[in-house]
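# Structural characterization, general
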Amino acid sequence: MDIYEALKDKVVRVEAMRDNFPLFFAYHFWWEFKSFHIDWMESMQSDKNTFIEWFRASRKTTIAKGYIIRCICYKKRDYILRQSYEEPDSRSNVTDIAKMLFTPSIVEDYGKLFPLEAKMEDFSKKTQWNFDTTNKVRVQAKGLMQSTRWLNTFDSAKGQTERPDLLVLDDVDVVKSVMNPEIINQNERKLLWELFGALDPLDHKILFLGNTILEDGIVPRLRRLYENNEWWDVFRQPLIVNNENMRPEVFTDEVIKDAQGNGKIAYQQNYLLIPASSGTGIFVREYFDYFLTSHFENVDSPLQKQDIRRWIFIDPAFSTSNKSDDAVVIILWEHRISKQYYLLDWYGGTSAPSSTRSHIISMYHKATLWWYRIELIHCEDVKINKDQTKFIEDLRWELLENHISIPLYTSTPNKQKNQRIVDTLEPVFSMKWIKFNRGLNDDFVQKLERQLLQHPNSDHDDHSDCLAQWVWYFRKVPEKKPTQRNLAISAITNRPIMQPTNRKNLQWVRWYSGISWRPL
């Protein structure tokens, strides 16, 4: 009888997979393995700790989740702790683990391990940060900066305290966590002195998954610490070595070209494992490029007015403290053909909200005098901030009072601020796809250059963050033309129509006279 026939028997199958993680993973979560995946799996099921610093999209996080599922199914571990630098990342990962316990083949072979009677559709809408499985395995998520107190739990059946015996670390190094050596030192002390000491002293395993960001951080420090340690297996591999592609079947020339389009630093960090230099920073002065408005006036130029989208973007601020971030307002263009960005006008300051609104009106009229018609206004809206909500409501009224009949949209920022700036701006800056008006106030250029060149260690990041949000918005939100029905309503009411470009991300604004316009 061959192995395929034998595995059809549930009893044989469950017993065969007890000490064979590759077979377990292949049966329940199958996809084509490479030899290095097998090496990882064998290390994970061994008595050694496992350190994996591999190129992005090599499936290391996926295999780690499968390993946790195996530990739960066979009760290989009693208390599993999943940690990232940011707690939401840890919680999201634990939620995925809980969902994987609903895999039909897992339920068929090992029963319902997640203590939930609700339907999977209802469960999938929730975020799970800890749970005890039906076979009494505890799974918990924590952020690295959270206290390690209460990492033990009393097991009444055994009459003893249980400590974590499996620690899975992933995304410990992020932009925020490598901002300066003191933060890195603090994280290292937290790991080596406090967290590792909170594990079960008699039997525990550590699984560390790392990504390279800067030349200093927890990932390179732990790699150097454990690469010659007999109790650790250390795996490290860039995507391309000596011009040889390690996964050509997945990373085709087209895929690599797209990855390179994300920027030199991002490509080198994620795929070649080449860290950015801590001394030079992520952005360099050579990234800054400029244009003249006359480039769009020449009839023979490929840059024509009709080929640009023109929006006003607002990042409000409400503190008048000298140490607070500026409120930032910019007029940004996107060239419809080249997809390059042009920053036409700018305002930044810590004055009262009324002054910010006045500058918005002034910038709009100035652009109109230059014959650059603004298509819409967009403002960041953090709904828990009441001052910001009031600012937006007051701005709506002032636009009406000044007879400015264009849509006003709002959206909530995505990602953590530091990561958002790097992920969004580094690619377009490194390729010089964003250009600044030569006529801009020197004060703005100096502020933006300083904030980017010092990122992520700059005292302020308001200008760079504003630019990052709006470049992201331009790239993610497609241009849509008004429908005939919208045009008809506009003609009847003589009022501007709130035309959505992305119903999922944008908020409809309440117009004057108490009318709320809804999607048509």
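The residue numbering used here restarts from 1 in each chain and proceeds along that chain's sequence as written. In keeping with the predicted nature of the model, local features appear solely for residues at pLDDT of at least 70, side-chain atom pairs appear and are counted solely at 80 or more, and the whole-chain, interface and lining totals rest on all residues. The basis for the side-chain values is all heavy atoms of the structure; hydrogens and waters are excluded.

Paired strands, as defined in this entry, are two strands with at least two bridges between them according to DSSP. Note on conventions: DSSP H or I runs of at least 4 residues are helices, E runs of at least 2 residues are strands, and numbering of each starts at the N terminus. Sheet architecture is open: seven strands sit in the order β12-β18-β15-β14-β13-β16-β17, paired in mixed fashion. The open sheet has two edge strands with one neighbour each: β12 (289-291) and β17 (408-411). Adjacent strand axes in the sheet meet at a mean angle of 30° when their direction is disregarded. Bridge count between strand β14 (residues 327-335) and strand β15 (residues 341-349): eight bridges; the pairing is antiparallel. Helix axes use the C-alpha atoms of the stretch in contact, all axes being lines fitted to C-alpha atoms, and the angles between their N-to-C directions lie in the range 0 to 180 degrees.

A few words on the confidence of the model for the protein chain. In low-pLDDT segments, the atomic positions of the prediction should not be examined closely. In this model, the protein chain carries an average pLDDT of 78, and 80% of its residues clear a pLDDT of 70 or more. pLDDT measures how confident the predictor is about each residue, on a scale from 0 to 100. Note on contacts: a residue pair qualifies if any of its non-hydrogen atoms lie within 4.5 Å across the two residues. Long-range and interchain partners of residues 480-520, a stretch whose pLDDT sits below 50, account for 68 contacts in this model, where long-range means more than four residues apart.

To continue, consider the pairing of strand β18 (residues 434-437). Each regular strand shows side chains that alternate between the opposite faces of the sheet. For β12 and β18, the ladder comprises three bridges, and the chain directions are parallel. Note that in β18 the partner of Asp-289 across the bridge is Lys-435. The sheet contact formed by β15 and β18 spans three bridges and is parallel. Bridge pairing in β18 places Tyr-342 opposite Lys-435.

Structurally, Pro-238 can be placed in the loop between β9 (232-237) and β10 (240-241). When a residue's accessible area, from a 1.4 Å probe over protein chains only, is under 20% of the maximum for its type it is buried; when over 50% it is exposed; and in between it is partly exposed. A relative accessible area of 17% places Pro-238 in the buried class. In the structure, Pro-238 is positioned 180 residues away from Ser-58 in sequence and 10.0 Å away in space, judged by C-alpha atoms.

This part covers the pattern of salt bridges. A pairing counts as a salt bridge when a side-chain nitrogen of Lys or Arg comes within 4 Å of a carboxyl oxygen of Asp or Glu. The tally for this structure, following the rule as stated, stands at 26 salt bridges. Between Asp-216 and Arg-221 there is a salt bridge whose closest N-O contact spans 2.9 Å. Side by side, Asp-216 and Arg-221 carry an identical accessibility label, which is buried. As a salt-bridge pair, Asp-394 and Arg-357 come within 3.9 Å of each other at their nearest N and O atoms. Of this pair, Asp-394 sits in helix α14 (residues 386-401) while Arg-357 sits in helix α13 (residues 353-369), and the two are 37 residues apart along the sequence. What makes Asp-394 partly exposed here is its relative accessible area of 21%. For Arg-357, a relative accessible area of 9% translates into the label buried. When salt bridges with common partners are traced through the structure, they connect Arg-357, Lys-390, Asp-394 and Glu-398 into a single cluster.

Unlike most non-glycine residues, Asn-242 shows phi in positive territory, near 50°. By secondary structure assignment, the location of Asn-242 is in the loop between β10 and β11 (244-245). Notably, His-403 is not glycine yet its phi reads approximately 60°, a positive angle. Considering the arrangement of structural elements, one finds His-403 in the loop between α14 and β17. Residue His-403 is classed as exposed on the basis of its relative accessible area, which comes to 70%.

What follows concerns the packing of aromatic side chains. Pairing of aromatic rings covers Phe, Tyr and Trp, the last counted by its six-membered ring, and requires centre-to-centre distances within 6.5 Å; plane angles under 30 degrees mean stacked, over 60 mean edge-to-face, and any other angle means tilted. With the rule as written, the count across this model stands at 25 aromatic pairs. On the basis of an interplanar angle of 75° and a centroid distance of 6.3 Å, the ring pair of Phe-36 and Phe-55 is categorised as edge-to-face. Placement of the pair is Phe-36 in helix α4 (residues 35-44) and Phe-55 in the loop between β1 (49-54) and α5 (60-73), with a sequence separation of 19 residues. Each member of the pair Phe-36 and Phe-55 is classed as buried. For the ring pair Phe-51 and Phe-208, a centre distance of 5.0 Å and an interplane angle of 0° mean the geometry is stacked. Pair noted here: Phe-51 is in strand β1 and Phe-208 is in strand β8 (residues 205-210), with a separation of 157 residues, a long-range link.

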